[in-house]
Each structure stands twice: as C-alpha cells, then as structure tokens.
Amino acid sequence: MNEVCFKNLDKDQCWSLETYEASGGYSTWRKILKGEYTPDQIINELKASGLRGRGGAGFPTGLKWSFMPRNAQGQKYIVCNSDEGEPGTCKDRDILRFNPHAVIEGMAIGSFVMNATVGYNYIRGEFIEPFNRFEGALKEAYSAGLLGKNINDTDVSFDLHAHLGAGAYICGEETALLESIEGKKGQPRFKPPFPANVGLFGRPTTINNTESFASVPDIMINGGQWFADLGVENSGGTKLFSVSGHVNNPANFEVSMGMPFSELLELAGGMRNGAKLKAVIPGGSSTPVLTAEAAMGMTMDYDGIDKAGSMLGAGSVIVMDDSTCMVEALTRLAHFYYDESCGQCTPCREGTGWLYRVLKRIMDGKGKADDIELLLGVQEKIMGNTICALGDAAAMPVESFLRNFREEFEYYIEHKKSMVKG
Amino acid sequence: MADIKIEIDGQIVNAKAGETLIAITDREGISVPRFCYHKKLSTSASCRMCLVDIEGVPKPQTSCSTPVSDGMKIHTQNEKAKASQKAVMEFLLINHPLDCPICDQGGECELQDVAVEYGSDVSRFSEGKRVVAASDIGPLIQTDMTRCIHCTRCVRFGSEIAGMMEMGGTGRGEDLKIEPFLAEGITSELSGNMIDVCPVGALTSKPFRYELRSWQMVSNESIARHDLTGSNVYAQTYKGQVKRIVSGDNEAVNETWISDRDRFSYEGLTHENRLLTPQIKVEGQWKEVEWNVALDFAIKGLSNTVLNNRKAHKLGGLASSTTTTEELYLMQKLLREIGCENLDHRLNVNNLDEAIHLESNLKLQALEQVDHALIIGANLRLEQPMINHRLRKAQLSGANITALNVKEFDYNYALNHVSVAPNEIATILAGVLKIVLEKKSIELPEYLSAISPSSSSVELAKDLLNAERPVILLGEHIINNKQAASIAQLIAEIAKQVGANTLNLSISANALGAQHVNFVPNSVGMNVNEMFKAEMRAFLLLDVYPEYDFHHANSAIEALSKEDVFVVSLNSFNNDLVAQYSDVLLPMAAMYETSGSQININHDIQSFTAMVKAPDEAKPAWKVLKVLADLLELPGFHYENSTQILEEFEHQPAHEHSQETAIDLSQQSTAIETVWMHNCYHSDALLRHAKSLSMSTLGQVNSASMNANTAKELALSDGDEYLGVPVDITETVADLCVFVNSNQATNIRSMS
Amino acid sequence: MISDNAKKQIDHWIEKYPQGKQSSAVMEALKIVQAENDNQLTHDSIQAVADYLNMPGIAAAEVATFYENYNHKPVGKHIIRFCHNISCMLNGADDLIAHLETKLGVKTGEVTKDGLISVKKVECLGACVGAPMFQINDKYYENLTADKIDDIVDGLQ
Ligand SMILES: Cc1cc2nc3c(=O)[nH]c(=O)nc-3n(C[C@H](O)[C@H](O)[C@H](O)COP(=O)(O)O)c2cc1C
Ligand code: SF4
Ligand code: FES
C-alpha cells in the first residue's frame, strides 16, 4: 500500500518540497535538466510501466505521450486534469493536498517529452485548499529553480500555472476543459481534430489526469518494470481507490491493481453496521452498477472489473448495502447528468432531462407500466450519439440499474413506493 | 488535397482527402439531414442530425465534422444511421412546440421537413414541453425561443460573419438559452441573416410576422439596389405585393448574405406617402387626373417654357442614382434628343470642379485576397456592408487594414484607425506619394516640393510598399472634401506606384450605371449646381427629393420653386416639398416594381424583372419616359420592354471621364469642417420610408459628433443641437471637425 | 465598476495566459468581481468584466451562467453548499439537509432573513470519502452529523 502517489502520506508536512525531495523527488527532473534523458527513454519507461490514464478512460499514458507532435513548430501545452467531479471520485483532491510536487514533476517530465514549455493544471473551482497547496508547491518549485525559463541556464523551460474552474462537471472532459481554460463555456469539442494536434489555444496539447502525472516520477525512479510488477497484466502499478458509501472506513486507498474487491472492502472496514452488501459501482457514477455477487467475485484491475460487467473508470468505489433503494439511487444519478449536461448536443441535452423526469415521476408515485421500456429506449438513443462521453455516462447507469435491479423499479411503479424503504 | 475515392451507400464517389463528408454528399446530391451545419459557418457538430455509419468505426459519426479518407465506406441510410437520425429527431421534437400551423416558418422549416420523414412516435414524451420566455431583440427580428433547437447557427453567424457576437447561449444543459446580452437587442447591420440561417421558426422576420405562409408566396430572383454591391435577393410576393426579401446566392456578389437595408427596405413600398396617381397643379390646386391628361399637361408645360422657343438649354434634368440604368439611359436620351445637355445625377456634390474621378478595378471576390487595405473616408460597415464583409474576411486571413477617418467608428474587425481632420487628408496622401516616389527614385512633381511627410504618411507609405496585394478604398466622406479631386488623384498616383487596386466607394447605388450611360453634362451643358444658379425655366426630375438628395438643398428648393419654372416630377413618393415646387406629379414604380438593371462595383450589369406591379396608377419610369418621348415625337423610342433599352446601351463603351485632375494642395482651410452623412437607413427614398429599419438601433442614430475642443470652439455642449442635429461629444472624432450622421434633412448643405 | 484592488487581482490571472488571451481570466475575474459585490453578479458587472478583458458581453454572460459558482440572485454572506449526490445521499445527506433547513428556517435556494446564510443543494464536491459533507465559502466540512452542523452553523457570523 501507498507506494507511489501516497508514499509520503505518513510523513509530516508530506506536501513540502523538502519531504518530496527527501524521497527522491525531482531527481528525474534534475537529470533531465542535466541532459541525462531523451524523450524516447521516458516514453519507453512509461510504456513498460503499463500506466493507464487514471482519469477514467484508461488509455495507456506512454502511448499517448508518443503521439504528441513533439517537433511541431510553435507553442505546445501540457495540461493536467484536476477537475475531479464524477460522483464517488475524490482521489485527485488528496494528491493535490498531500503530494502536489509529484504532479508538478510529472507535468515537468511530460513537458520535456512533448517539448511543451507551458503547462496548466485545471483544478475544480471548489478545491480551494488543494489549489492553495498546489500554488504553494509551485512557489517552492520556482524558488528552488526547478521551473521557469531556461532553468539552470539550460535550454529547458517550463512555466506551470494553475487554472481554477467555477463549477461544471463537464470541464473534466478534456476538450471542455480546454475551452474552459480559454475562458469559455465548458462545451466539449468534436473530434477529430484531437488535442494532440489542435488543443489549447489551437496548439498541440497533451492532457492527463492528476494521478497519471503523479505516478510518473516514481516510475522514472524505479523503472517501468517495477511499476508494472506492482500490478497485474494490462493494469500496471498501484491505483487510488476512493471507497465511499456504506462502509465503516471510507477513504482513499492506494493498493496494487488486481486486489480482490473483497480485500478492498475489508481495508475500508467492511460493511457498515454489518449490513449486507447489495450493489457496487466500481469506477464512479458513470460506470455500470454491479450486484453484490458480481462485485465479490471481481479483482480491482481493468480486466477484472470488465469481466464483472463494469469499468474501472476513475477507481471510485461506491458501496451500497441492502437498505439502499435503487430507484432512489438511480434517480439521484440521473439528476446529476441532467444537471451537468452542457446542453450543446441534442441527445444529451434533451435525453438526460427526459430520463430524470421519468425516474422522478416514478419516485412521485406516477410511474407507468411502460416506463421501464421507455427508460431503456431513451438511454439507448443517447448512447453513442453524442459529442462527448457524458451522454454515454448518463445512459450506462440507467441500463445497468434496470438490468440488475429491475424488480425494484417494477415494484415502485406498481406500488407507488419503494420496495426497500416502503 | 489528394484525390481519393470513397464509397457512399454503395456508390463510388470522388473526393479530396480531408474534405468533410457533408460537403461531398451535398455535391453528389445525397441527402443527409442536418440542422447545425451551414456551409458558410464553422462546424459545431452539435445537433447530431447528420449521423451516419462508417464501416470500421464503432459509433455513428457526424457527416458535418468527419474528414474523409481514401477507401472510407459510408452508409447514410442503413439501419444504424437511420436509428441515430431518428433518435436525434425524436429528441429535437420532445421540446419543440408542434405549432406549425401558426408558425411563420411553416412550410420552409428545416425541422418540419425532416420530421415528416423521420419523426415517428414523438407521443411517448409526456413530461411537459419546455417554454422559453420571449425576448425582444429589436424591430427587425421576431423571436420565439421556445421553438429554438439550439443549433447555434445564429450565434456563429454573429461572431463569425457579422463580426459582433450579439447572440449567445446562456445557461447550461436544458436551460441553454439562445439570447442577446444587450438590452437594445441585436444591432448588427447584417442581423437579418440570422432569420435566414435559423432552420426553424425561432427567429423570423418581424415586419413579416403573421403575414402569410411561405408557400402562398411566389419567390423570384432580384437585385437590391441600396449600395454598390447590388446584392442578389429573392423577392417573395403575394397578390401583387412584396412580402419579404430573403438572401439569394451569388459567390461573386453577396455570397449568401444580405444587409438589413436590403432585406427590410421593401416595407417602404407600401408607405402611405407613395405617390399613387398622376396629378397636375392647376391654379395652385392639385388635381388627380388620368395619365394622358397628366402627360399632355407635362408636354404642354415643357413646350411653353422651353421647347417651343428653342430654349432647351433652360431645361434641367436631374435624377437620383438609385434609379435603374434603363431609366437613366432613356432620360438622357430624351433630354439630348430635344437638345438639352443639362443633366446630372451627382446631386450631393458640393463642388463639381472637385468631383472625384477614381476607377474601381478590384472585384469583390478578389477583395478578400488583399493583404493590405487603406480605407479613406468611409464607415464601410454601415455604408457598404457587403464590401466591408469581404474586407473583414481579408483581415481575418491576415490582411492589415488601416482606416483614415475623421471618426473612429465601430469596426467589426481589427484595423488601425488614423484620426484625421478633413483638411489634413490631401496633405497626408501627398506625403505618402512623396515617400513612394522618392523610394522609387522618381522625379517629384512640383506640387510635392513643399510637402514634408508626417509620421502618419510614413506609416501609410510603409504599409503600402510592404504589401503584395494592396487596395485603396475611397469612401463617401470625401465627396465634399474641399480637396476631393486632388485626394482622388493622389490615390490614383499612389496606387499606380505601389501596384495597388482602387475602389471608388464615394458614389452610391447605381452611380456606375449613370456613368455608363453618361448621365452628366457634356462641355456645353450645366451640372447640377450650375443649373441652380442659372435662370432655368423647366426641370424634369427622376425620383428626386431635394431636402435629402442635394448638397445645396436650399438653392435647389429655391430654384425649383420659382414661379415661372415648370417642374415635372417622376416620383415614387410624395411629400409637401415635392408638391410645393412641382407642376406635374407622375407616380413611378419603385424597386421591385420595375424591370431594369444596375451596374455594381464589379462592373457587372445585373438585370432584374418587375416582381410586382406598381400600386394604383404608378408606372415604371422607363415606360413613362418612353411615352413622353413618343408624345414629343422623338425618334428611336420604340421599346417594348426594358431589355431592348439594355441592349442599346450595354455595348456602348462607358463614357470616359477625364482622369487627370491637376493636384492642388494649396487650398488649406482652417475652418471647422463638417462631414455630413445620411444615417445608413435614410440614404434613399425607399429606405426613408421603411419603418422597421427607422426604428432599429442603427436607424435611430442622429448625432453631430465632435470632440470637446471642437465643441468649445463652437460654443456647444451635450444636449445642444448643431445645425438641427443633437450634439454628441466624443473624443473619437478628430480635432476641429464635426461628423454628422443624421436621419434628417439639413440646412448646412445649402449654407456651406 | 471594478475596483482597483479587483483589477490588480484580475491582472495577476491575466499574466498566466498568452498575450492576447486575456479572456482566459474571465472565470476568475467574474469571481473576483462577485466577491466584491455581495456575492452576486449583475448585468452591469458582467459587462464591466467583459469590457476589462476586451471580450463581448454575451461571451462573459455565457460563462457567468454556465458555471455553478456564480450567483445571479441575492445570496447570504455565507453560502452553504450541501452535497446531495450519491455517496452523501447513502450517508444520510437528505436528513441532514432537512435538519439544516429547519434549523435555519429556510429552504434550499433561500437566504436567511438576516441575510447571513444561504443554502444550496449541489452535486458531488469530490469529497465522497468524507460524506456527508458541505462547503461553506471556501472550506469543506466532512463527516457531518446533526450536532456537528449545529456547531459549525452557530459559529457563522
Ligand atoms: C464527462 C466526463 C468527465 C470527465 N471528468 C474527468 C475528470 O474529472 N478528471 C479526469 O482526469 N478525467 C476526466 N474525464 C476524462 C478526460 O476526458 C480524459 O480522458 C482524461 O483527463 C485523460 O487523462 P488520462 O489519460 O490520464 O486518464 C472525463 C471525461 C468525461 C467524458
Ligand atoms: S454529450 Fe452532453 S455534455 Fe457532452 S457535448 Fe453533448 S451535451 Fe455536452
Ligand atoms: S449537421 Fe452535423 S451535427 Fe448538426
């Protein structure tokens, strides 16, 4: 446990430059400044590490970094996604609070690989404490001569800024995030072109999640293979899991990929009040919900969760006991997507509201017999037809809740009350 | 781009790599439904209506944003594509009111069209439709945002074409609302195009509101004639009335946009001031009469005053340059046939010895390609909206634009504004010419010897010399500059030296037509200003309104009003003044009511037919002139239609004006000078009678702008009037001059 | 309309972005101006920000109405933003929101009579392992109970 992003968690002032450097922090960056690395070497280590994007999509980071048109003329940017807004997810907040220098160094290493001299960390607007920590760390790094123009008289330059959001989940979507940095509404862009070619201010841009960046320095210190070996096949390294819901000890846990869910549940203190496990959302609100049975049989890695019928997502484990009304839970999630849809594209703008209204109607005791088919039909019409993945994210819970807990919905419609809560 | 082959619905199609799919399907006539896509706007890919299935790609893709590559196999109609398209259609309809029967877009609604094909069971939505509060965005555009499908075409039109982002999408998700921010609503001079781009009935024409269903109207191509562009439009008519004007498509002229002026001027056609019947003045009393009576009366009057006693030189013929080329041609032919050389269309020029002669030798499409433009004396955005639009495109692709103006106007693109008083312009240009000639080691003409170029001249010269494809535009504000001719001549010289094209925008509407048919006096004739000083006995006037059209309005009115002067007025509108000095009023057909042609800035003769019959007794002026000629027994007026007139003058060489004017820089006035421009929606008779335009923000502008120092010199302050126009003190005006933009007639024109 | 102090703060943000991209600072500029105007944005203050950043008013309005953290109606001096998303819901957020409403005598979306406190229900604030939680102004309060809420709210002035 706690071997990468959280390795200094138990230390005093674990967020300080001193603590960070004492455990080998900035050693890679200093080597880069001394000319001891080539971008390809770094990309190779990352590829070997099996690190996959921690923002939710799980795209291999080494591969992403290799796509960057490193030799393209003109300004290029590196951007960190600390927008963290997916219900159930709260790991990046802790990385920013407790290990901000790892994010800075990870971004700096990335900037060198992409030949990008300017970076932005997009931090969600409500994260004032994490923002202040990050700003503090930036200040330390600048005064230590680790950032800036022509650092230590080398030809390496890297200026890093924090950009604060203002409350919009959609800005976690990488192109909406870029729009937001440009001072616009956070409306996702259609692709292609991809940010690697046309990104921030129209320039080539690489975007990664906070945890992805924070994992890079230790991969470089210990080698890609070391990181890969921490995890399992196809899922290298450790991963932060935010375990929330009906558990005794909800918290962020950094554990090896591949850990059985049952063990993770134990780490989190087991079920609260000894209640019975009913359902688990393993990767954040957009990932399909699993029954207790499916969850108890799965391991916490990309393939393991996939096999169980869901996705690792951002590693946000929402645990529900048998007191949970699934109709209520889904209605709450549907409200979230309805509230957070950016409104740009038709299926999401119109469909999320439709889904929510039908569910709300069921909760109000006005459900109709064909509402379940209606919900399934609407989610299917959203799925795959939108600009960004928020549409899919809104559709998937509906489909999985109805598939796994259909009888609760039928009961609610028929009896005009919850099967669980009465 | 490389030539490639792709397969669409099983059919092999040639394409260029990287082209968007929808451009190809449109070209091939394969119909793909769409709402947000518009060929002249950026892609937003947000409506999702154009989703198609591409083999090998798991999710359906939007045709409007997908670049094609070799070998791509696309299905626009298979089950997957249809399912996505139907899904989107269903989503669009759940919150769209199904009020087609009362919607002004009914029958020409893109949503309605597609819904017929796709919208199956919308009844499944029972959650209550969204209603969006109405917002008033001005007198030109009617909104019904409950119908909005959020395609953002209007928003993109504003920021990309109009160059002023006035509409936006506020709120998020379902609350997304397309609306303007400013209380005055939409103020762009191109705003009406939002009506055309809106695929549904959210934005419709306010003046047209509730008038008719689109299918009841007949739509015909025509030409709008309020400026030098001659925008191609469709005039939509019903039961003999023009009900609406929408944009036509002509890449060489107006692309697919028109100005609000061109769109809404038709409202003037039905104004209560239209002159509807022939009238004669008998013993000071107006009498409505039959045409033959009026024409006989006119002939008799002309005969008594000038014709019977060989006094044709006491007859003057004046015409507005908003008339058709055919009308101008016939009128000059008639006058010359009876031996009268006194004719002119340059009514608003103070001093015709200083008349501007400058070629226009760059076509509109080429204007987009310039890399530098120097604008002299123009507020292009309002005076020549479509020309400004082309220049804006040039600027957006990197051209450097400089404006030499007495006032810093609201431009809709980045330009360098150089502030000048009217009396400095010639000197600055002389400085430019001097630098250019010196640079080229060309001997300096005498008039440049005393010139020492200012820093402005240095800058202007540098930009012109550095440019590869420069253009110099001379605007309307120079017409009455004391050194107008010299300014034009200096521009011609500079252009010759730096290889620049020139555009003469100091003239209006169909002045090029008037020039083509030589509607100016020859050496023995009198020009407009001379006529008013001479002892004239009769005038023939073609759609002339002295209090607006003449620079020397007072002397014009005085000359026309003399007891023994016989005035025949062919007018489309009547007013007290016209009635006061005229002896015969002959009602003439206005725009869209007559056939004819206009010559635009591209030197294209653009012909049009009559869209509607003129109201009541009004007749096309060419017919009236022809009958007048017949009654006068003049030979060569056997026209049966206006095309025959066109055929007669079309191949005549355009009259050559003497290009060489002696440049004289000596006249240096130190007085405070006034540049007087009509409000852009009051620049011709039809516009002045178009009510909605007058009510719009731009139509309301009526101010005499000057800086604080000038105001002090003139002992004026805010709230005062300057020559009848409210004073507006602003530092955007050059020192010691006044820029008047007025919607009213003025006295200054006759005083100065 | 924008105080010198606010301008100074805005300028600090402008510096982070490339030349000519000052409109990137609009989100912070709106927050700064909002903070100086009773936690609220008006039509005029949005226009003032737009003018200061040389962008169209409607573009600033789009931003001001898209993001959650701008207020267009009167709010309290302290804004309690109570998360009611799934993890907090599972941990009893709804009851605690009801408790808070009763305690303050307001519904969510309203301001207390003395203008001191307003309560908003918000979506996930990214502190799910500390559920139930709320945010007051810049600060997070986690693992809430009714007693804890009473203490915190009583301390507000
Ligand atoms: C609606 C939506 C919300 C998202 N929110 C986040 C987020 O809060 N943080 C994040 O890192 N990625 C988020 N993502 C994923 C990003 O788009 C992107 O894939 C990620 O930042 C890439 O970084 P990675 O490769 O390191 O994972 C979101 C995606 C979608 C569609
Ligand atoms: S799917 Fe939703 S959030 Fe994504 S672009 Fe479309 S409307 Fe916006
Ligand atoms: S036309 Fe392609 S998405 Fe709207």
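## A closer look at the packing of helix α12 (residues 425–439) of chain B against helix α14 (residues 484–498) of chain B
Residues and elements named next belong to chain B.
Moving on, step 1. α14 packs onto α12 with a crossing angle of 25 degrees between their chain directions and a minimal axis gap of 9 Å. The pairing of α12 with α14 is recorded here as roughly parallel in orientation. For the pair α12 and α14, the crossing hand works out as left-handed. Here Ile425, Ala426, Leu429, Ala430, Val432, Leu433, Val436 and Leu437 of α12 come into contact with α14, specifically with Ile487, Leu490, Ile491, Glu493, Ile494, Gln497 and Val498.
Moving on, step 2. The residue inventory of the contact of α12 with α14, partitioned by class, reads 13 nonpolar, 1 polar and 1 charged.

## Considering a nonpolar patch on the surface
Residues and elements named next belong to chain A.
Moving on, step 1. Together, Phe59, Leu63 and Phe67 give the surface a local cluster of nonpolar side chains, amounting to about 270 Å² of exposed area.
Moving on, step 2. Structurally, the position occupied by phenylalanine 59 is in the loop between α3 (39–49) and α4 (61–67).
Moving on, step 3. By relative accessible area, phenylalanine 59 is classed as partly exposed at 38%.

## Here's the deal with the interface of chain C and chain A
Moving on, step 1. Chain C puts 39 residues into the contact, and the matching count from chain A is 59 residues.
Moving on, step 2. For the pair chain C and chain A, the summed buried area comes to about 3,800 Å², and 56% of that belongs to carbon and sulfur atoms.
Moving on, step 3. For the chain C face of the interface with chain A, the top three residues by lost area are Phe66(C), Leu90(C) and Val129(C), together amounting to 17%.
Moving on, step 4. Here chain C and chain A share 4 salt bridges between them.
Moving on, step 5. At the level of elements, α2 (26–36), α4 (57–66) and α5 (86–90) of chain C are the ones that each hand at least two residues to the side of chain C that touches chain A.
Moving on, step 6. Broken down by class, the residue content of the side of chain C that touches chain A amounts to 19 nonpolar, 9 polar and 11 charged.

## Considering the state of the cysteines
Residue and element names in this part refer to chain B.
Moving on, step 1. Within the structure shown, the criterion is met by 0 disulfides over all chains.
Moving on, step 2. As a non-bridged cysteine, cysteine 109 has cysteine 103 as the owner of its nearest cysteine sulfur, 6.2 Å distant.
Moving on, step 3. Of the residues examined, cysteine 109 reaches a relative accessible area of 7% and is grouped as buried.
Moving on, step 4. Not part of a disulfide, cysteine 148 finds its nearest cysteine sulfur in cysteine 154, a span of 6.5 Å.

## Points about the sheet that holds strand β4 (residues 61–62) of chain B
Residue and element names in this part refer to chain B.
Moving on, step 1. Taken in spatial order, the 5 strands line up as β2-β1-β5-β3-β4 in an open sheet, and their pairing is mixed. Strand pairing shows two members of the sheet lacking a second neighbour, β2 (11–16) and β4, which therefore form its edges.
Moving on, step 2. Examined bridge by bridge, strand β3 (residues 51–54) and β4 share 2 bridges and lie antiparallel to one another. When the bridges of β4 are listed, leucine 51 appears paired with threonine 62.
Moving on, step 3. Of the strands in this sheet, β1 (3–8), β2, β3 and β5 (73–75) touch helix α1 (residues 21–28), which is tilted by about 120 degrees from β2.
Moving on, step 4. The strands touched by helix α2 (residues 79–94) within the sheet are β3 and β5, with β3 carrying the most contacts at an inclination of about 160 degrees.

## Description of the nonpolar core
Moving on, step 1. With 137 residues, the main nonpolar core has Trp29(A), Trp65(A) and Tyr67(C) as its most contacted residues.
Moving on, step 2. For this core, the leading source of residues is helix α6 (residues 100–114) of chain A, giving 9 residues.
Moving on, step 3. Every residue in contact with Trp65(A), bar those within four places of it in the chain, is listed here: Ile42(A), Ile43(A), Leu46(A), Gly106(A), Ile109(A), Gly110(A), Val113(A), Met114(A), Thr206(A), Asn208(A), Phe213(A) and Val216(A).
Moving on, step 4. Among the nonpolar cores identified, the runner-up in size contains 49 residues, and Leu140(B), Phe157(B), Leu190(B) and Ala202(B) belong to it.

## A short note on the pattern of salt bridges
Moving on, step 1. Following the criterion strictly, the structure yields 72 salt bridges over all chains and no others.
Moving on, step 2. Here Asp94(C) ties to Arg332(A) by a salt bridge, and the two come within 2.9 Å at their closest N and O atoms. Placement of the pair is Asp94(C) in helix α6 (residues 93–104) and Arg332(A) in helix α14 (residues 326–340), with the two residues belonging to separate chains.
Moving on, step 3. What makes Arg332(A) buried here is its relative accessible area of 13%.
Moving on, step 4. Between Lys107(C) and Glu101(C) there is a salt bridge, with the nearest N and O atoms lying 3.9 Å from each other.
Moving on, step 5. A relative accessible area of 15% places Glu101(C) in the buried class.
Moving on, step 6. Via salt bridges that share partners, Lys40(B), Glu251(B), Glu255(B), Glu368(B), Arg390(B) and Lys393(B) belong to a single interconnected network.

## Details of the pairing of strand β25 (residues 596–599) of chain B
Residue and element names in this part refer to chain B.
Moving on, step 1. Burial along β25 is two-sided: the residues Gly596 and Gln598 and Ser597 and Ile599 are all buried.
Moving on, step 2. Here β25 pairs with strand β26 (residues 605–608) via 4 bridges, running antiparallel. Counterpart to serine 597 in the pairing with β26 is serine 607.
Moving on, step 3. Turn length for the β25-β26 hairpin, with the two strands adjacent in sequence and antiparallel, is 5 residues, and the turn residue histidine 603 shows positive phi of about 65 degrees.

## Quick word on the site of ligand 2
Moving on, step 1. Looking at ligand 2, there are 13 residues lining it, with Ile170(A), Cys342(A), Cys345(A), Cys348(A) and Cys388(A) nearest.
Moving on, step 2. Taken together, the residues of the shell around ligand 2 break down into 8 nonpolar, 5 polar and no charged.

## Digging into the site of ligand 1
Residues and elements named next belong to chain A.
Moving on, step 1. The environment of ligand 1 is made up of 18 residues, and the closest members are Gly55, Asn81, Asn208, Asn209 and Ser212.
Moving on, step 2. Within the side chain of asparagine 81, an N or O atom sits 2.9 Å from an oxygen atom of ligand 1.
Moving on, step 3. A distance of 3.0 Å is found between an oxygen atom of ligand 1 and a backbone nitrogen or oxygen belonging to glutamate 174.
Moving on, step 4. Contact with the protein chains covers 90% of the free accessible surface of ligand 1, which is 600 Å².
Moving on, step 5. Ranked by residues supplied to the shell around ligand 1, first place goes to strand β4 (residues 205–209) with 3 residues.
Moving on, step 6. A breakdown of the residues in the shell around ligand 1 according to their chemical character gives 4 nonpolar, 8 polar and 6 charged.

Rules used throughout
Residues numbered from 1 in each chain as written. Chains lettered and ligands numbered in written order. Predicted model: local features only at pLDDT ≥ 70, side-chain atom pairs only at ≥ 80, totals over all residues. Heavy atoms only, no water. Axes fitted to C-alpha atoms, helices over the stretch in contact; angles between N-to-C directions. Helix = DSSP H or I, 4+ residues; strand = E, 2+ residues; numbered from the N terminus. Parallel < 35°, antiparallel > 145°, perpendicular 65-115°, else oblique. Left-handed = near helix turned anticlockwise from the far one by under 90°. Contact = heavy atoms within 4.5 Å. Nonpolar A, V, L, I, M, F, W, Y, C, P; charged D, E, K, R; others polar. Patch = residues over 30% accessible without salt bridge, like charges linked within 9 Å, V, L, I, M, F, W, Y side chains within 5 Å. Areas by Shrake-Rupley, 256 points an atom, 1.4 Å probe, with all protein chains shown as cover. Salt bridge = Lys/Arg side-chain N within 4 Å of Asp/Glu carboxyl O. Buried < 20%, exposed > 50% of the residue type's maximum accessible area, 1.4 Å probe, protein only. Buried area = accessible area lost by both parts, 1.4 Å probe. Disulfide = S-S within 2.5 Å. Pairing = 2+ DSSP bridges. Core = buried A, V, L, I, M, F, W, Y, C linked by side-chain atoms within 4.5 Å. Near = heavy atom within 4 Å. Polar contact = N/O pair within 3.5 Å; in protein donor to acceptor, adjacent residues only side chain to side chain.

Purely geometric stuff here, so don't read any function into it on its own.
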